[in-house]
Amino acid sequence: MTFTYDVIVVGAGHAGCEAACAAANMGVRTCLMTMDMNKIAQMSCNPAVGGIAKGQIVREIDALGGQMGIVTDRCSVQFRMLNRSKGPAMWSPRAQCDRGKFIWTWREVLDKTPNLHIWQDQAMELIVEDGKAVGVNTLLGAQFTAKTVIITAGTFLNGLMHVGRRQFPGGRIAEPAATGLTESIAKHGIRYGRMKTGTPVRIDRRSVDFSLMERQDGDAEYSAFSYLSEQRQLKQLPCWICYTNEKVHEVLRSGFNDSPLFNGQIQSIGPRYCPSIETKLHTFPDRNQHMLFLEPEGEDTNEMYLNGFSSSLPMDVQINALKQIPCFANLEVYRPGYAIEYDYFDPTQLNHTLESKIINGLFFAGQVNGTTGYEEAAGQGIIAGINAAQKVKAGEPFILHRNEAYIGVLIDDLVTKGVDEPYRMFTSRAEYRILLRQDDADMRLTDKGYRIGLASQERFDRMMDKKRRIEEIIEFAQNFSLKPNLINPALPKIGTTPLLHGCKLEELLGRPQVTIRNIMPHVTPFSNAVRRICEGCSEIRTNEIIEATEVQIKYKGYIERERQMAEKMVRLENIKIKGKFDYMNMNQITIEARQKLTAINPDTLAQASRIPGVSPSDINVLLVLLGR
């Protein structure tokens, strides 16, 4: 049988789900192909969403009109805003989720999405005609044809799992690997390699002595990922902290000879920033303990996830080592940790739209591009889905730049610099992180999502309403004058010095100790104004407006300075160089620069400046040759 669509998405992980929803919601006929409809958006490792920089990506997905934030809020069993002790550019939301409910909530979202069909099958072969991707052939013998194809196969491409010396094929525990697809893509000249990741043991909570652990609760105040969410839906649960010890380490070291990481079984590179417990012992031999987090898998299950104990050591070594920790003396587990190796494709072979430079109409998103993490995958997925739909509709490419979104930083890093290990997003990767805060993702991106037909009218109206209210509060603070004799008695109470002369309220709010919340009781006109401006808003919306207003006031100078820096870089982004140079015949630049520029073929001078091996002097040569 032959089935015809506009967009085919291969793989229903976090990248695939966002890609399929984005394309379908933009009005093109889309098919999402998965090997198991009951494990859509499976949280293969940690049942959590967000974290440092990752939380910003989720809010950006939501601002564009994506679904990850909505699903997470509906399934959250604990929410925390990380890095509150630092500046707002570092604040990052994170939610612990109910794994089972997460799958079925995503399934519900997909089932209700117009223009979207789900097909349970395995893509075996990419069909390419005249250099263009036109469909896939499947294990069941069906042929799917389409105008564009998006590959989001996660860790399934020739997946190989390891537990000690035991090896077995699979894309995830108890799930088959996807074979044939890598080779059918690679034969067209697309380079690929191997990467490795891993996951920890799963523990039965009934065997844990929680009295010997440190409890970690979520934030009492309700916060959310999605700008549309209003209230919690699930019971909130604690996480727990414990530590390894020397006895644990002795048992773990006894299994090193059988470790796939050390005995040569695993040849590929794992994630630097999420190391296995055996890698931690090898890298930090002088450390006598490592922190572990025991996290719930859901509100109705005894299964728990041991964060920080990813391992591919033999099963008996993993379990016996954990039993040396007092709280796990009577430990029972559901399954041990394991490592998995899988194929990925070199992302420097992609345009910023995530379309292949080699095969027209073929897009890649997620771990197949060398990334790690649900959030990074979903961020790529929504961009691939948008651009596949735009290509079908003959629309303009949709590209986010480094000064516009963490998603833009992620994709630019991938296609410009490539990867030699699984890529993970951090705030430090973004040079304009004061502009890319989690509180203003809607202000940055919702209008963009709305203009391409992805963000709904409701999202756009909410964003505009929030923007209006914030501007009203800022305007009041800029115009309202404070007199020292009236405000000074209150200032020492909130930890700041009295005024020596009158000032505008905005100036006082610029002090670190002064917040909108703690000054309102002492400035009645301001308190009345804030209540009037926020009238009709829910508690979460009011908190969101006040927080965003305060950040804009306190960090006004920093935000403006960073915006000016970004504008200077945008000038280089506007200088197009693709197709203007024969780099290999340019003796004015270094041999390394010639090779790197030829391989990546950057679109703009700014992209060229970010390629490792291309120096500032090389960029100056290009500028001179361009006549600038």
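Residues numbered from 1 in each chain as written. Predicted model: local features only at pLDDT ≥ 70, side-chain atom pairs only at ≥ 80, totals over all residues. Heavy atoms only, no water.

Visitor: Please give an account of the overall build of the chain that cites residues and values.
Guide: For the chain, the count of helices and strands is 21 helices and 23 strands. Computed over C-alpha atoms, the radius of gyration of the chain comes to 26 Å, within 12% of the 25 Å expected from 2.2 N^0.38 for 628 residues, which places it in the range of a compact globule. Once the C-alpha set of the chain is aligned to its principal axes, its extents read approximately 80 × 70 × 50 Å. With 628 residues in all, the chain has 59% of them scored as buried. Restricting to contacts in the chain with at least 6 residues of sequence separation, those with at least 24 account for 73%. Only carbon and sulfur atoms are counted for the fraction: they give 50% of the accessible area of the chain, which is about 25500 Å². Between the averaged position of the 74 positive side-chain charges in the chain and that of its 72 negative side-chain charges there is a distance of 3 Å. (Helix = DSSP H or I, 4+ residues; strand = E, 2+ residues; numbered from the N terminus. Rg over C-alpha atoms; globule rule 2.2 N^0.38 Å. Buried < 20%, exposed > 50% of the residue type's maximum accessible area, 1.4 Å probe, protein only. Contact = heavy atoms within 4.5 Å. Areas by Shrake-Rupley, 256 points an atom, 1.4 Å probe, with all protein chains shown as cover. Lys, Arg positive; Asp, Glu negative; His and termini not counted. Charge placed at Lys NZ, Arg CZ, Asp CG, Glu CD.)

Visitor: Any details on the sheet that holds strand 21 (residues 362–364)? Residues and values, ideally.
Guide: Spatially, five strands are ordered 7-3-2-11-21 in an open sheet, and the strand pairing comes out parallel. Edge positions in the open sheet fall to strand 7 (116–120) and strand 21, since each of these has one partner strand only. Across the sheet, the mean angle from the axis of one strand to that of its neighbour is 20 degrees, orientation sign disregarded. Where strand 3 (residues 30–34) lies against strand 7, five bridges are found, and the strand directions are parallel. Bridge pairing links L32 to I118 in strand 7. Strands in contact with helix 1 (residues 14–25) are strand 2 (7–10), strand 3, strand 7 and strand 11 (148–151); relative to strand 3, the strand with the most contacts, it is inclined by about 165 degrees. (Pairing = 2+ DSSP bridges. Axes fitted to C-alpha atoms, helices over the stretch in contact; angles between N-to-C directions.)

Visitor: Could you give an account of the environment of N387, with specific residues and numbers?
Guide: With respect to the helices and strands, the residue N387 is situated in helix 9 (residues 374–392). Assessed through its relative accessible area of 4%, N387 is described here as buried. Counting along the chain gives 26 residues from N387 to G361, while the straight-line C-alpha distance between them is 9.7 Å. Contacts of N387, omitting those with residues within four sequence positions, involve T353, F363, P397 and F398.

Visitor: How would you summarise the pairing of strand 17 (residues 291–296) if you had to cite specific residues and measurements?
Guide: Two elements, strand 16 (residues 239–243) and strand 17, share four bridges in a ladder whose sense is antiparallel. Among the inter-strand pairings, I241 is bridged to a residue of strand 17, identified as F293. The pairing of strand 17 with strand 18 (residues 303–310) spans four bridges and is antiparallel. Residue pairing in the sheet places F293 in a bridge with N307 of strand 18. The turn linking strand 17 back onto strand 18 is made up of six residues.

Visitor: Residues and numbers for the sheet that holds strand 6 (residues 92–97), please.
Guide: The strand order across the open sheet built from three strands is 4-6-5, with neighbouring strands paired in antiparallel fashion. Edge strands, defined here as strands with exactly one partner in the open sheet, are strand 4 (48–50) and strand 5 (76–82). Pairs of neighbouring strands in the sheet enclose a mean axial angle of 15 degrees, with direction left out of account. Relative to strand 6, strand 4 is paired through three bridges, and the arrangement is antiparallel. Note on strand 6: the bridge partner recorded for G50 is R94.

Visitor: Talk me through the side chain of T34; I want residue IDs and the actual numbers.
Guide: With respect to the helices and strands, T34 occurs in strand 3. A relative accessible area of 8% means that T34 is categorised as buried. At 3.2 Å, the side chain of T34 and the backbone nitrogen of D36 are in polar contact. The residues contacting T34, other than those within four sequence positions of it, are A12, I40, I118, W119, Q120 and D121. (Polar contact = N/O pair within 3.5 Å; in protein donor to acceptor, adjacent residues only side chain to side chain.)

Visitor: Account for helix 17 (residues 539–554), naming residues and giving values.
Guide: Look at helix 17: 22 Å from first C-alpha to last across 16 residues, which is about the 22 Å you get at 1.5 Å a residue. Among the 16 residues in helix 17, 13 count as buried, and that is most of the element. (Expected span 1.5 Å × (residues − 1).)

Visitor: Would you mind going over the pattern of salt bridges in detail, with residue names and values included?
Guide: Tallied over the full model, the rule gives 49 salt bridges. The shortest N-O distance in the salt bridge between R462 and E230 comes to 3.0 Å. On the criterion of sequence distance, the pair formed by R462 in helix 12 (residues 457–479) and E230 in the loop between strand 15 (214–216) and strand 16 is long-range, its members being 232 residues apart. Overall, the relative accessible area of 31% leaves E230 in the partly exposed class. Among the charged side chains, a salt-bridge network with shared partners connects R402, D412, D413, K417, E431, E573 and R610. (Salt bridge = Lys/Arg side-chain N within 4 Å of Asp/Glu carboxyl O.)

None of the figures reported here should be taken as evidence of function without further support.
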